[in-house]
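For reference, the chains in residue letters:
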Amino acid sequence: MDYKKTNAPTTTVTRNMRDLWEETGNVYETVSIIGKRANQIAVEMKNDLSKKLQEFASYNDNLEEVFENREQIEISRYYEKLPKPTLIATQEYIEGKVYYRNPAKEKDKLQES
């Protein structure tokens, strides 16, 4: 999912925990799933921001430095206004857009068969 087009809230939202762990049956497993997805999103956001700011990297001083600095600030502000990775991951989980599997549970099901 593209984190730039998410409908996740930009502020903290109180949620009913029972709704979150309903699918997995375990609140800790749900938090782990959301946490791992949030880490993936954070890495993706950091890489994108680094790539965009790398375009402005110059190793010599010039007169256009003030203008370039303004563009860097605008890019940084845009990323600061995006929802935090945990909020994006939680929204994705609620919408059913996160794929996850638990190998331990799959192993138990195979042994029962």
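It should be emphasised that the depicted structure is a prediction, and the values quoted were computed from it without experimental measurement. (Residues numbered from 1 in each chain as written. Predicted model: local features only at pLDDT ≥ 70, side-chain atom pairs only at ≥ 80, totals over all residues. Heavy atoms only, no water.)

Draft legend 1. Region of interest: the overall build of the protein. On a plain count of helices and strands, the protein comes out with five helices and zero strands. When its helices and strands are written in sequence order, the protein yields α-α-α-α-α. In the protein, which comprises 113 residues, the proportion classed as buried is 25%. Residue pairs at least 24 apart in sequence account for 79% of intrachain contacts in the protein once pairs closer than 6 positions are excluded. (Helix = DSSP H or I, 4+ residues; strand = E, 2+ residues; numbered from the N terminus. Buried < 20%, exposed > 50% of the residue type's maximum accessible area, 1.4 Å probe, protein only. Contact = heavy atoms within 4.5 Å.)

Draft legend 2. Region of interest: helix H4 (residues 85-94). Taking burial as the measure, the ten residues of H4 include eight buried ones, the bulk of the element. Where H4 is buried, its residues meet helix H1 (17-20) and helix H2 (27-54). Directly after H4, the chain includes Gly96, whose backbone phi takes a positive value near 75°.

Draft legend 3. Highlighting the pattern of salt bridges. Inspection of every chain in the model, using the stated rule, returns three salt bridges. In this structure, Arg77 engages Glu74 in a salt bridge whose closest nitrogen and oxygen atoms are separated by 3.6 Å. Here Glu74 and Arg77 lie together in helix H3 (residues 65-81), a separation of three residues that amounts to about one turn. Residue Lys97 pairs with Glu95 through a salt bridge whose shortest N-O separation is 3.0 Å. By relative accessible area, which is 51% here, Lys97 ends up exposed. (Salt bridge = Lys/Arg side-chain N within 4 Å of Asp/Glu carboxyl O.)

Draft legend 4. Broad picture of the confidence of the model for the protein. Model confidence for the protein is summarised by a mean pLDDT of 83, while 85% of its residues fall at 70 or above. Predicted confidence in the protein is weakest over helix H5 (residues 103-112), with a mean pLDDT of 73, and strongest over H2, with 93. (pLDDT = per-residue confidence, 0-100.)

Draft legend 5. Seen up close, the packing of aromatic side chains. Applying the stated criterion to the full structure yields two aromatic pairs. Summarising the aromatic geometry, the rings of Tyr78 and Tyr79 are spaced 5.5 Å apart at their centres and angled 90° between planes, so their arrangement reads as edge-to-face. Ring centres 6.2 Å apart and planes at 35° place the aromatic pair Tyr93 and Tyr100 in the tilted group. When its relative accessible area of 24% is taken as the criterion, Tyr100 is described as partly exposed. (Phe/Tyr/Trp six-rings, centres within 6.5 Å; stacked < 30°, edge-to-face > 60°.)

Draft legend 6. A look at the nonpolar core. Of all hydrophobic cores here, the largest spans 16 residues; its most connected members are Tyr3, Ile41 and Tyr93. Elements that contribute at least two residues to this core include exactly H2, H3 and H4. With five residues, H2 is the largest single contributor of residues to this core. Setting aside residues no more than four positions away along its own chain, Tyr93 makes contact with Leu20, Glu23, Thr24, Thr30, Ile33, Ile34, Val98 and Tyr100. (Core = buried A, V, L, I, M, F, W, Y, C linked by side-chain atoms within 4.5 Å.)

Draft legend 7. Spatial organisation of a nonpolar patch on the surface. A surface patch of nonpolar side chains, amounting to about 260 Å² of accessible area, comprises Met17, Trp21 and Val31. Its place among the elements puts Trp21 in the loop between H1 and H2. The exposure class of Trp21 is partly exposed, given its relative accessible area of 31%. (Patch = residues over 30% accessible without salt bridge, like charges linked within 9 Å, V, L, I, M, F, W, Y side chains within 5 Å. Areas by Shrake-Rupley, 256 points an atom, 1.4 Å probe, with all protein chains shown as cover.)

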